[in-house]
Amino acid sequence: MELYSYQKRIARLVRQGKNIILQAPTGAGKTLAALWPFIQAWAADNPNVPRKCVYAVPMRVLANQFDREYRRICDQEMLLQNPPVIKRQTGEHKDDPEFRADLIFATIDQVLSSWLLHPYSLSQRQGNLNAGAFVGSYLVFDEFHLFDPDSTLPTSLHMLKTLRGVSPFVLMTATFSGSMLASLAKTLDAEPVLLMPDELKEIPAQHKERRYTIFPESLTAQNTERRVEATSEAVAHIWALHQAQSGRPRTLVVCNQVERAQAVYQALREKASPETHIELLHNRFLRQDRQIKEKLVEREFGKDPKPRTLASLIVVATQVVEVGLDISSAVLHTELAPASAVLQRAGRCARYAGETGQVVIYRLADTDLHPYHEKQAADQCRRTWEWLVNNQDRHLTFADEQAWIDHVHTPADQAMVEVLRSSALELDENVRRLWRGAGDRGEASKLVRQVSNLMVTVHDDPDQLRHAPFQVDQFSLFHGTLLGKFKNWQTQNEALDADWDTGKLDWLVQGLVEDRSDDEAQANQPIRYAFKPVHQTQQLYAPLLVINPALVGYSVELGLTLYPSYPYRVTVPSAGRDTAGQPRYTYRLESYRRHIELVHQAFTEVALGDVRLAGRRLEQVFGWASGVVEQVAHLIVVGHDLGKLNVAWQNAVRRWQKTAGASVPDFAIAHTDFDPEQHRHLPRARLPHHAVEGAVAAIPLLEVLIPDDEQHEALLRAAFTAIARHHAPFSTEISPYRLIRNHHQIAAHTWTLLPPAVTASIANQLLENEVEVERQSDYQRLLDENYFVRETNPADMCAYMLLVRALRFADQEGTARGMR
């Protein structure tokens, strides 16, 4: 595969361990530039480049396209015998909720929520499982100019600064001002890469012509009933330019909101001739319907004209086509937006070498600026229009585009840099609050994306969905849109003046509520969910919302409409599976020794490789002894359940065995018999907590294994906290306990599983045998001050995230093996 010169330059820098900020025009092959060194290193087994890559994008459509493209490159072009496992993790394609694959294309929301220990893809109980996936991995953040400047961007920068030196990264954009790039490079100690004139000439996509014109009228407006309608002048202009094309005309129309796109689509359907196909594409279609539409767009607007089947085509879309799609139209119509967004959309016009295209920008009505209504965005729209007035009907080079970006965005970017600097301490504290468990998922979402979307589904009986709520078809709605609609629905329903036919509704929207119990005994059981009616707008920020089908509609042509149209409700998922779509566990009686054997076996097979590679990076960055991270990981895996050797815990599980009518063995128990059907009428067993207690018992072992110096204190805290929080991500409290009489002999048997060097270190160490009631508060103070991780210290957090991920994977897999 022949690379451009700048792509080769990127590969050299990555191999040298440099962090990079890349700015290149649309269609220049930025994605290949970032991924080529990873794929090449994978093929050559190069230890200088991580064996895991997380590729974060702001929109799910990018993840879908890149997933297909890089499967093809690995399988067909490079012919790798052992290619990396490639998966997607987005709100729509939940292929890898635990970030286990080698190359993961994920939305930035999935990445940041996991980093903040409140992952959108997992339950609260599993909150600390994913963050370790980013420790020691190769990170690519694409199209980061689209990151929300008030939330996504600063949180991403916080993540990269915390992982500095541990996880190499590449940030990529086509449209950031020069001042912003320089500031980010300095903040992150990264190498800025801008393409030189000779490098630009190599790129075929630069040899094309694209002209920009403005249209003085708006594309849409509100009628007297506050319904959005397309303006007749704009529709006539779109149709006239479409008819003026020769051959097979191809037109793309991009609107700022779904309601506007639906209105323009309906108007064009009435205006166009029968031989012209009109297609609508936005993010409120069901997955299967949207995929059909996306394939049609890629086929009909793609580089190869041979697969095209339609004689004439107009596609009306929203920002879903703004980035990522490798398509090209002859004419592109777009509502006014900030220059960076307009240029991204223009990248779907005259994209390929030798093409000529026209971009038409429509003014926004004064009362219709949303989603660019805020002062800063509105000012950017004004400056964008101002620049276009003076530069319309001319071809723009990449240098011209950068001048446009600088004119429009430099003032806001400079202000943003200052805000990032002044708010850094507040952001640090907010992140630390989430890492301590002082905040909830709602607070985390504010740091992920201020312009947040809400996940909704449609059903008349939400209770039918509670057993697998995240397996139902869902739609993503801008929070402001739903808040406004909800208020209108409330007003109409209270006044009994509703558009729906069923009279006053008992409920309008219901929100998903998760059982917040952190009972360690239930850690491997399905999460319990319920739906509660929403009465206030703040209750709309739930993980999932169910809208009453009397309020909305759905069709293949229009997608979800926020008014009654075509009747619709989701299909209820099949029963008998948990919320991740996996069969529910049935437990069998298992001894402590056997459980530890299976968990350690699972660790060596599913987690050791990642710990070894990332551990070396941690040791180099933080000055730790060579191999110590791997040794500590072995020890915490083998010692993670020492708290189950507590007298009270063993007595409780024996009582359960009697209650369940099962045998009571004479060995120490790790798991009891449990069948969710057979035992559903029995009272739930409330077992004493054991995780923090087990961590306390292991302190003497950890202290003798980990070097006793200031540098290694972070690793000691990370190891202790990993054991303490291997069932619940924010456990802190110690309970009085006393280990059973023969605990030393039982534990000593499991030490034989450890590498010889570890066994030799701990062979003669005694466990912390007991925490008495009268000493409980002293112990708690000691743990809080000296043993739990310090969220302010990157070494603590990086090591903890890596170790707890490995331990939870091993425990999860080892437990499953014991149940088979």
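Residues numbered from 1 in each chain as written. Predicted model: local features only at pLDDT ≥ 70, side-chain atom pairs only at ≥ 80, totals over all residues. Heavy atoms only, no water.

**Student:** For this particular structure, what's the right way to read the overall build of the protein chain?
**Tutor:** In terms of helices and strands, the protein chain carries 26 helices and 26 strands. Relative to a compact globule of 820 residues, whose C-alpha radius of gyration would be 28 Å, the protein chain shows 29 Å and is just as compact. On the principal axes, the C-alpha backbone points of the protein chain span a range of 90 × 70 × 50 Å. Burial status across the protein chain gives 58% buried among its 820 residues. Excluding contacts between residues fewer than 6 apart, the proportion of contacts in the protein chain whose partners are at least 24 apart in sequence is 76%. Working note: accessible area of the protein chain is about 33,300 Å², and carbon and sulfur atoms make up 47% of it. Taking the 89 positively charged and 100 negatively charged side chains of the protein chain as two groups, their mean positions are separated by 3 Å. (Helix = DSSP H or I, 4+ residues; strand = E, 2+ residues; numbered from the N terminus. Rg over C-alpha atoms; globule rule 2.2 N^0.38 Å. Buried < 20%, exposed > 50% of the residue type's maximum accessible area, 1.4 Å probe, protein only. Contact = heavy atoms within 4.5 Å. Areas by Shrake-Rupley, 256 points an atom, 1.4 Å probe, with all protein chains shown as cover. Lys, Arg positive; Asp, Glu negative; His and termini not counted. Charge placed at Lys NZ, Arg CZ, Asp CG, Glu CD.)

**Student:** I keep staring at the packing of aromatic side chains and nothing clicks. Help me out?
**Tutor:** What describes a pair of aromatic rings is the distance from one ring centre to the other and the angle between the planes of the rings. For the structure on display, the rule yields 19 aromatic pairs. Measuring from centroid to centroid gives 5.4 Å for phenylalanine 99 and phenylalanine 134, while their planes differ by 80°, and the two rings are edge-to-face. Within this pair, whereas phenylalanine 99 is found in the loop between strand E3 (86-89) and strand E4 (103-107), its partner phenylalanine 134 is found in the loop between helix H4 (108-115) and strand E5 (138-141), the two being separated by 35 residues in sequence. For the pair phenylalanine 99 and phenylalanine 134, one class covers both residues: buried. Here a set of aromatic residues connected by ring pairs shows up, and it is made of Phe38, Trp42 and Tyr138. The cationic tip of arginine 51 hangs over the ring face of tryptophan 42; the distance from NZ or CZ to the ring centre is 3.8 Å. Looking at arginine 100, its charged tip hangs above the ring of phenylalanine 809, at a distance of 3.8 Å from the centre. (Phe/Tyr/Trp six-rings, centres within 6.5 Å; stacked < 30°, edge-to-face > 60°. Lys NZ or Arg CZ within 6 Å of the ring centre and 35° of its normal.)

**Student:** What should I look at first to understand the sheet that holds E3 in this one?
**Tutor:** Strand pairing in a sheet takes place through backbone hydrogen bonds and is either antiparallel or parallel in direction. Taken in spatial order, the 7 strands line up as E3-E4-E2-E5-E6-E1-E7 in an open sheet, and their pairing is parallel. In this open sheet, the two edge strands, each paired with only one partner strand, are E3 and strand E7 (191-194). Across the sheet, the mean angle from the axis of one strand to that of its neighbour is 15°, orientation sign disregarded. Sheet analysis places E3 next to E4, joined by 4 bridges and oriented parallel. Considered in E4, the bridge of isoleucine 86 is made with leucine 103. Where helix H2 (residues 30-44) meets the sheet, its contacts fall on strand E1 (20-23), strand E2 (53-57), E4, E5 and strand E6 (169-173), and the angle it forms with E6 comes to roughly 170°. Contacts from helix H5 (residues 152-162) reach E5 and E6, with the element oriented near 160° to E5. (Pairing = 2+ DSSP bridges. Axes fitted to C-alpha atoms, helices over the stretch in contact; angles between N-to-C directions.)

**Student:** Could you clarify how one ought to interpret the nonpolar core in this entry?
**Tutor:** In globular proteins that are soluble, nonpolar side chains generally tend to be buried together. In terms of nonpolar packing, the biggest core is built from 116 residues, with Val111, Phe134, Phe141, Trp624, Phe720 and Leu803 touching the most fellow members. In terms of residue count, the dominant contributor to this core is helix H26 (residues 794-819) (12 residues). For leucine 803, the contacting residues outside a window of four places in its chain are Val629, Val632, Ala633, Ile636, Leu715, Ala718, Ala719 and Ala722. (Core = buried A, V, L, I, M, F, W, Y, C linked by side-chain atoms within 4.5 Å.)

**Student:** It is not clear to me how the packing of helix H18 (residues 608-622) against helix H19 (residues 628-639) should be interpreted in this structure. Could you clarify?
**Tutor:** A pair of packed helices is captured by two measures, namely the crossing angle of their axes and the spacing between those axes. The N-to-C vectors of H18 and H19 enclose an angle of 135°; their axes lie 8 Å apart at closest approach. When the interaxial angle is binned, H18 and H19 end up oblique. Taking contact as the criterion, the partners of Leu608, Val611, Arg612, Gly615 and Glu619 in H18 are, on H19, Val628, Val629, Glu630, Ala633 and His634. (Parallel < 35°, antiparallel > 145°, perpendicular 65-115°, else oblique.)

**Student:** Please clarify how the pairing of strand E11 (residues 250-254) should be interpreted in this entry.
**Tutor:** Side-chain direction in a regular strand flips from residue to residue, so the side chains alternate between the two faces of the sheet. Along E11, 5 of the 5 residues are buried, which leaves the element largely enclosed by surrounding structure. Covered by surrounding structure in E11 are Arg250, Leu252 and Val254 together with Thr251 and Val253, the residues of both alternating faces. Where E11 meets strand E13 (residues 313-317), 5 bridges bridge the pair, whose relative direction is parallel. Along E13, the bridge assignment pairs leucine 252 with valine 315.

**Student:** How should the pattern of salt bridges be read in this particular structure?
**Tutor:** Any two side chains of opposite charge can pair, on the condition that their charged atoms come close. The full count for this structure, using the stated rule, is 32 salt bridges. For arginine 449, the salt bridge is made with aspartate 109, and the minimal N-O distance between the two is 2.4 Å. With a gap of 340 residues between them, arginine 449 in the loop between helix H15 (441-448) and strand E16 (453-458) and aspartate 109 in helix H4 connect regions that are remote in the sequence. Of the two residues, arginine 449 and aspartate 109, neither departs from the other in class, the shared state being buried. Of the charged contacts in the structure, one is a salt bridge between glutamate 494 and lysine 504, with a shortest N-O distance of 3.7 Å. Of this pair, glutamate 494 sits in helix H16 (residues 479-494) while lysine 504 sits in the loop between H16 and strand E18 (509-514); the two residues are 10 residues apart in sequence, bridging distant segments of the chain. Several salt bridges converge on common partners, so that one network encompasses Arg250, Arg299 and Glu300. (Salt bridge = Lys/Arg side-chain N within 4 Å of Asp/Glu carboxyl O.)

**Student:** Help me understand the side chain of glutamine 7 in this model?
**Tutor:** Locating glutamine 7 in the fold gives a position in helix H1 (residues 5-15). Residue classification places glutamine 7 among the buried residues on the basis of a relative accessible area of 4%. Polar contacts involving the side chain of glutamine 7 include one to the main-chain amide nitrogen of tyrosine 4, which spans 2.9 Å. Ignoring any residue separated from it by four or fewer positions in sequence, one finds glutamine 7 in contact with Ala28, Gly29, Leu32 and Ala33. (Polar contact = N/O pair within 3.5 Å; in protein donor to acceptor, adjacent residues only side chain to side chain.)

**Student:** Before we go on, may I ask you to explain helix H20 (residues 647-659) in this structure?
**Tutor:** For an α-helix, the turn length of 3.6 residues means that residues three or four places apart are oriented alike. Here H20 spans 19 Å end to end across 13 residues, near enough to the 18 Å set by a 1.5 Å rise per residue. Regarding H20, the residues found buried are Trp649, Gln650, Ala652, Val653, Arg654, Trp656 and Gln657. Buried positions along H20 lie against strand E24 (669-671). The N-cap of H20, judged by a side-chain oxygen 3.2 Å from the amide nitrogen of alanine 648 a few residues on, is asparagine 646. (Expected span 1.5 Å × (residues − 1).)

**Student:** Would you take a moment to explain the sheet that holds E13 for this structure?
**Tutor:** Here 6 strands make up an open sheet; going across it, the order is E8-E15-E14-E11-E13-E12 and the pairing parallel. Bordering the open sheet on either side are strand E8 (209-218) and strand E12 (277-281), each of which pairs with just one other strand. Averaged over all pairs of adjacent strands, the angle between their axes in this sheet comes to 15°, without regard to strand direction. Against the sheet, helix H8 (residues 232-243) makes contact with E8, E11, E13, strand E14 (331-335) and strand E15 (356-363), and its axis sits at roughly 175° relative to E15, the strand it touches most.

**Student:** Would you explain the side chain of arginine 210 in this entry?
**Tutor:** Relative to the helices and strands, arginine 210 is located in strand E8. A distance of 2.8 Å separates the side chain of arginine 210 from the backbone oxygen of cysteine 349, its partner in a polar contact. Among residues more than four places away in sequence, those in contact with arginine 210 are Ala346, Gly347, Cys349, Ala350, Arg351, Gly357, Val359, Arg394, His395, Leu396 and Glu401.

**Student:** Help me understand the packing of helix H14 (residues 424-436) against H15 in this model?
**Tutor:** For the pair H14 and H15, interaxial distance at closest approach is 10 Å and the crossing angle is 145°. H14 and H15 meet at a crossing whose hand is left-handed. The segment H14 lies against H15, with Leu427, Asn430, Val431, Arg433 and Leu434 engaging Glu443, Ala444 and Leu447. (Left-handed = near helix turned anticlockwise from the far one by under 90°.)

**Student:** What am I meant to see in empty space enclosed by the protein here?
**Tutor:** To locate leftover empty space, one rolls a probe as large as a water molecule over the atoms. For the structure on display, the rule yields 1 cavity of 30 Å³ or more. Roughly 70 Å³ of volume is contained in the largest cavity. Surrounding the largest cavity, Pro25, Thr26, Ala174, Thr175, Arg210, Leu343, Gln344, Phe398, Glu401 and Gln402 form its lining. Contributions of two or more residues to the lining of the largest cavity are made by helix H11 (339-346) and helix H13 (398-422). (1 Å grid on protein atoms, 1.4 Å probe; cavity = no way out; pocket = protein on both sides within 12 Å on 5 of 7 lines; lining within 4 Å. Points joined across faces, edges and corners; volume = space filled by probe spheres on them.)

**Student:** How should I be thinking about unusual backbone geometry in this particular structure?
**Tutor:** Backbone geometry follows two general trends: most residues other than glycine have a negative phi, and most peptide bonds adopt the trans configuration. Positive phi values are uncommon outside glycine, yet phenylalanine 99 reaches one of about 55°. The residue glutamate 143 is not glycine, and still its phi comes out positive at about 50°. Topologically, glutamate 143 is positioned in the loop between E5 and H5.

**Student:** Hey, could you run me through the state of the cysteines in this one?
**Tutor:** Evaluation of the coordinates by the stated rule reveals 0 disulfides. Just so you know, cysteine 349 is unpaired, no disulfide at all, and the nearest cysteine sulfur is the one on cysteine 255, 16 Å from it. Classification of cysteine 349 by relative accessible area gives buried; the value is 0%. (Disulfide = S-S within 2.5 Å.)

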